[in-house]
Amino acid sequence: MVKLKSNDDKEFEVEEAAVIQSEMIKNMIEDGCATSVIPLPNIDSKTLIKVIEYLNKHINMGKAAETGEEDDLKEFDEQFVNMGWEELFDVIMAANYLNIHELMELCCQSAADRLKNKSVRAVREMLKITNDLTEEEEQEIINDAPWAFEGPEIDDTVN
Amino acid sequence: MAKKKLQKALQHDTPVLPRDILLFSIFVRLPVQSLLRFQSVSKSWKVMIYNKEFIKAHRDHTKVMGGKKLLMRSIYTHNFVFRDLENHQVLVTLDEKQLFPNESFQADHIICSCDGLVLLKNFTNYKNYAVWNPPTGNIDVLNVRS
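Remember, predicted model here, so these are calculated numbers, not experimental data.

## Points about the overall build of chain B
- Across its full length, chain B holds 6 helices and 7 strands.
- Start at the N end of chain B and walk to the C end: the helices and strands fall as α-α-α-α-α-β-β-β-α-β-β-β-β.
- Split into buried and exposed, the 146 residues of chain B put 30% on the buried side.
- Surface accessibility of chain B: about 9,900 Å² in total, with carbon and sulfur atoms responsible for 59%.

## Things to note about a nonpolar patch on the surface
All names here are of chain B.
- Nonpolar side chains collect at one region of the surface, where L70, M72 and L85 lie side by side and expose about 240 Å² of accessible area between them.
- For L85, the position within the fold is in the loop between β2 (80-84) and β3 (90-94).
- Take L85: its relative accessible area is 43%, and that puts it in the partly exposed class.

## Notes on the pairing of strand β7 (residues 138-143) of chain B
Residue and element names in this part refer to chain B.
- Bridging between strand β6 (residues 128-133) and β7 involves 6 bridges; their strand directions are antiparallel. If you follow W132 over to β7, its bridge partner there is I139.
- Counting the residues that bridge the hairpin from β6 to β7 gives 4 residues, and of these G137 lies at a positive phi of roughly 80 degrees.

## Considering the packing of helix α4 (residues 43-50) of chain B against helix α5 (residues 52-64) of chain B
Residue and element names in this part refer to chain B.
- At a closest axis distance of 5 Å, the pairing of α4 and α5 adopts a crossing angle of 60 degrees. Taken together, α4 and α5 sit at an angle that is classed as oblique. Residues M48, I49 and Y50 of α4 form the contact with α5, whose participating residues are K52, F54 and I55.
- Across the contact of α4 with α5, the residue classes break down as 5 nonpolar, no polar and 1 charged.

## Here we look at α4(B)
Residues and elements named next belong to chain B.
- For α4, every residue scored as buried is listed here: W45, M48 and I49. Looking down the long axis of α4, one finds its buried residues gathered within 95 degrees of arc, a one-sided arrangement. Facing away from the buried side of α4 by over 90 degrees, the exposed positions are S44 and V47.

## Considering the interface of chain A and chain B
- Taken together, the contact between chain A and chain B spans 36 residues of the former and 25 residues of the latter.
- In total, chain A and chain B occlude about 2,600 Å² of area from one another, counting both sides; carbon and sulfur atoms represent 66% of this.
- Here chain A is connected to chain B by 1 salt bridge.
- Linking chain A with chain B are 10 residue pairs in polar contact (both at pLDDT 80 or more), by the criterion used here.
- Only α6 (85-98), α7 (101-115), α8 (120-126) and α9 (135-144) of chain A provide two or more residues apiece to the side of chain A that touches chain B.
- Among the elements that make up the side of chain A that touches chain B, the one with the highest residue count is α7(A) (7 residues).
- Per-class residue counts for the side of chain A that touches chain B are 19 nonpolar, 6 polar and 11 charged.

## A word on the sheet that holds strand β4 (residues 109-114) of chain B
Residues and elements named next belong to chain B.
- In spatial order, the strands read β4-β5-β6-β7; together these 4 strands make up an open sheet with antiparallel pairing. The sheet terminates laterally at β4 and β7, the two strands that pair on one side only. Strand-to-strand twist in this sheet, taken as the mean axis angle between neighbours without regard to direction, amounts to 25 degrees.

## Things to note about a negative patch on the surface
- A surface patch of like charges, here negative, comprises E70(A), D71(A), E75(A) and E78(A).
- Secondary-structure assignment places E78(A) in helix α5 (residues 70-80).

## Comments concerning the nonpolar core
- Of all hydrophobic cores here, the largest spans 53 residues; its most connected members are L4(A), F80(A), I92(A), L103(A), L115(A), I26(B) and F27(B).
- Setting aside residues no more than four positions away along its own chain, L115(A) makes contact with W85(A), V123(A), M126(A), L127(A), I26(B), L30(B) and F38(B).
- If you look at the next biggest cluster of nonpolar residues, it comprises 7 residues, including L71(B), V118(B), A130(B) and W132(B).

## Structural notes on the sheet that holds β2(B)
Residue and element names in this part refer to chain B.
- Read across the open sheet, the 3 strands follow the order β1-β2-β3; overall the sheet is antiparallel. The sheet terminates laterally at β1 (69-73) and β3, the two strands that pair on one side only. When strand polarity is set aside, the average angle formed by the axes of neighbouring strands in this sheet is 20 degrees.
- With 5 bridges connecting them, β1 and β2 associate as antiparallel partners. Bridge pairing in β2 places M72 opposite V81.

## A closer look at the side chain of Q39(B)
- Tracing the backbone through its elements, the reader meets Q39(B) in the loop between α3 (32-38) and α4.
- Each residue touching Q39(B), except ones within four places of it in the same chain, is listed here: L133(A), I141(A), K46(B), I49(B) and Y50(B).

## A few points about the pattern of salt bridges
Residues and elements named next belong to chain A.
- Within this structure, the stated rule accounts for 10 salt bridges over all chains.
- Residue D9 pairs with K5 through a salt bridge whose shortest N-O separation is 3.9 Å.
- For D9, a relative accessible area of 59% corresponds to the exposed category.
- With a relative accessible area of 27%, K5 lands in the partly exposed category.

Cut-offs used in this document
- Residues numbered from 1 in each chain as written.
- Chains lettered and ligands numbered in written order.
- Predicted model: local features only at pLDDT ≥ 70, side-chain atom pairs only at ≥ 80, totals over all residues.
- Heavy atoms only, no water.
- Helix = DSSP H or I, 4+ residues; strand = E, 2+ residues; numbered from the N terminus.
- Buried < 20%, exposed > 50% of the residue type's maximum accessible area, 1.4 Å probe, protein only.
- Areas by Shrake-Rupley, 256 points an atom, 1.4 Å probe, with all protein chains shown as cover.
- Patch = residues over 30% accessible without salt bridge, like charges linked within 9 Å, V, L, I, M, F, W, Y side chains within 5 Å.
- Salt bridge = Lys/Arg side-chain N within 4 Å of Asp/Glu carboxyl O.
- Pairing = 2+ DSSP bridges.
- Axes fitted to C-alpha atoms, helices over the stretch in contact; angles between N-to-C directions.
- Parallel < 35°, antiparallel > 145°, perpendicular 65-115°, else oblique.
- Contact = heavy atoms within 4.5 Å.
- Nonpolar A, V, L, I, M, F, W, Y, C, P; charged D, E, K, R; others polar.
- Arc of directions from axis to C-beta.
- Buried area = accessible area lost by both parts, 1.4 Å probe.
- Polar contact = N/O pair within 3.5 Å; in protein donor to acceptor, adjacent residues only side chain to side chain.
- Lys, Arg positive; Asp, Glu negative; His and termini not counted.
- Charge placed at Lys NZ, Arg CZ, Asp CG, Glu CD.
- Core = buried A, V, L, I, M, F, W, Y, C linked by side-chain atoms within 4.5 Å.

Spelled out as structure tokens, the structure:
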């Protein structure tokens, strides 16, 4: 077992087989630096719980194809990324820091899929971004590629 | 007091870098059309999407993901047709008159392509070549003196 500590001082025990999906922790273990608790100053407990949930589920991912658990994992992944933007961003930052390639891939792809067809207005509202471009600057961007701003697929809803 | 202010400023600044990593990782997975549109979300989004490192990363990521396309021209309409190489479905048809408002560049022949850029040649206008980037619609005309 490996002990992880979040930045709000909560400790979690994770099986080594699960936690080594994180390249960062795998390297620490190989270098003998993981003898006691591993502090994770960038990750809060709420996010760490999500990450550990993912690691535990994907512990035998290599064998999933043989045991026919692929569909089950796919369903888990779909459910897993079903979270709010702030939460999703926190998990991506944690996956980036811990260097968990598959989790990074899953969450970034989900974010990209959600954003892909959104209108500019919807993106600003969803991610709470203030528009600091002048009207002229904005118009210039639209004039450069007007087709990118029109079409039936563009979605102005916020969710 | 000043120290406190500085500390606060530093604290406020720290999320800026991670936020960039975050957007970078998401943006490489977006299609070009979305990126062209999202340039107008804010100044920092525009800077990031125009960034050379980002453009390279986006190209590399798109290459790895595959999605190879076949580009053909209709001999009747001269339209450019993109098909998915795997299922042969027509993805998009582009009208040459819209692509090349300048008539001297219509009826171009496709010479070759590299990294998604297409080299076109107009045989009646033998000195000119055009490099065309289909997703952005950009066309650079090269004047090659023999």
